[in-house]
Amino acid sequence: MPSRGKAQKRRATMRLVYVDFWSALKMSFLVSIIVAAITVVVGLLLWYALDRFGVVGAASNFLEDIAGAQGANLVAGLTFPNVMTFTLVVALLEVIVVSALGAIFAALFNLAVHVVGGWKVTFGSD
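Now for a quick tour of the structure. (Residues numbered from 1 in each chain as written. Predicted model: local features only at pLDDT ≥ 70, side-chain atom pairs only at ≥ 80, totals over all residues. Heavy atoms only, no water.)

What to know about the overall build of the protein
Right, on to step 1. Counting secondary structure elements, the protein contains four helices and two strands.
Right, on to step 2. Here the C-alpha atoms of the protein give a radius of gyration of 26 Å, more than 25% beyond the 14 Å that 2.2 N^0.38 yields for 126 residues.
Right, on to step 3. Counting the 126 residues in the protein, one finds 19% classified as buried.
Right, on to step 4. Pairs at least 24 apart in sequence give 83% of the contacts found in the protein among residues at least 6 apart.
Right, on to step 5. When the accessible surface of the protein is totalled, it reaches about 10,000 Å², and 70% of it is carbon and sulfur. (Helix = DSSP H or I, 4+ residues; strand = E, 2+ residues; numbered from the N terminus. Rg over C-alpha atoms; globule rule 2.2 N^0.38 Å. Buried < 20%, exposed > 50% of the residue type's maximum accessible area, 1.4 Å probe, protein only. Contact = heavy atoms within 4.5 Å. Areas by Shrake-Rupley, 256 points an atom, 1.4 Å probe, with all protein chains shown as cover.)

This is how it looks when you write it as structure tokens:
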């Protein structure tokens, strides 16, 4: 059988010179929604695990032994509704901040392109 020659590798080099502002905003919004959902689920699972293993009760008893009633009051606000409210507020703030940062980075990239000439990207097949 005749042996085949090695296939030639192809490469294409391009420059990224513009990032659409609205596309970057939409993409960063979608990513932030996913991260916010993960944050809420992790907060829920963490609370469930800590409550199931009795960490919250042990911390309350420990602080009550050390500081009396004032120590127990420190952990009294650590309830499931309070923890989930805090987690949801953090997730909402994360959505706002990450979406804004995605749009800001797109605008800054578009401004920086005028100075540096773009981002060189090479595509190739192996």
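On we go.
Some points on a nonpolar patch on the surface
Right, on to step 1. Together, V89, L92, L93, I96, V97, L101, I104, F105, L108 and L111 give the surface a local cluster of nonpolar side chains, amounting to about 960 Å² of exposed area.
Right, on to step 2. Within the fold, L111 resides in helix α4 (residues 80-116).
Right, on to step 3. A relative accessible area of 58% places L111 in the exposed class. (Patch = residues over 30% accessible without salt bridge, like charges linked within 9 Å, V, L, I, M, F, W, Y side chains within 5 Å. Salt bridge = Lys/Arg side-chain N within 4 Å of Asp/Glu carboxyl O.)

Focus: the packing of helix α1 (residues 21-52) against α4
Right, on to step 1. With their axes 8 Å apart at the nearest point, α1 and α4 run at an angle of 160 degrees to one another. When the axis of α1 is compared with that of α4, the two are roughly antiparallel. Helix-helix and strand crossings are classified by hand; for α1 and α4 the assignment is right-handed.
Right, on to step 2. In terms of residue class, the contact of α1 with α4 is built from 19 nonpolar, seven polar and one charged. (Axes fitted to C-alpha atoms, helices over the stretch in contact; angles between N-to-C directions. Parallel < 35°, antiparallel > 145°, perpendicular 65-115°, else oblique. Left-handed = near helix turned anticlockwise from the far one by under 90°. Nonpolar A, V, L, I, M, F, W, Y, C, P; charged D, E, K, R; others polar.)

A closer look at the packing of aromatic side chains
Right, on to step 1. Taken as a whole, this structure holds two aromatic pairs when the rule is applied.
Right, on to step 2. Summarising the aromatic geometry, the rings of F21 and W22 are spaced 5.2 Å apart at their centres and angled 80 degrees between planes, so their arrangement reads as edge-to-face.
Right, on to step 3. Judged by centre distance (6.4 Å) and plane angle (50 degrees), the rings of W47 and F80 are tilted. On the criterion of sequence distance, the pair formed by W47 in helix α1 and F80 in helix α4 is long-range, its members being 33 residues apart.
Right, on to step 4. Residue classification places W47 among the buried residues on the basis of a relative accessible area of 11%. (Phe/Tyr/Trp six-rings, centres within 6.5 Å; stacked < 30°, edge-to-face > 60°.)

Regarding the pairing of strand β2 (residues 119-124)
Right, on to step 1. Sparse coverage of β2 is indicated by the burial of zero of its six residues.
Right, on to step 2. As judged from the six bridges shared by strand β1 (residues 11-16) and β2, these two strands associate in the antiparallel manner. The residue bridging L16 from the neighbouring strand is W119, located in β2. (Pairing = 2+ DSSP bridges.)

Things to note about the environment of L25
Right, on to step 1. Counting through the fold element by element, L25 comes out in helix α1.
Right, on to step 2. When its relative accessible area of 24% is taken as the criterion, L25 is described as partly exposed.
Right, on to step 3. Sequence separation between L25 and V98 is 73 residues; the distance between their C-alpha atoms is 9.2 Å.
Right, on to step 4. Leaving out residues up to four positions away in the same chain, L25 has contacts with S99 and A103.

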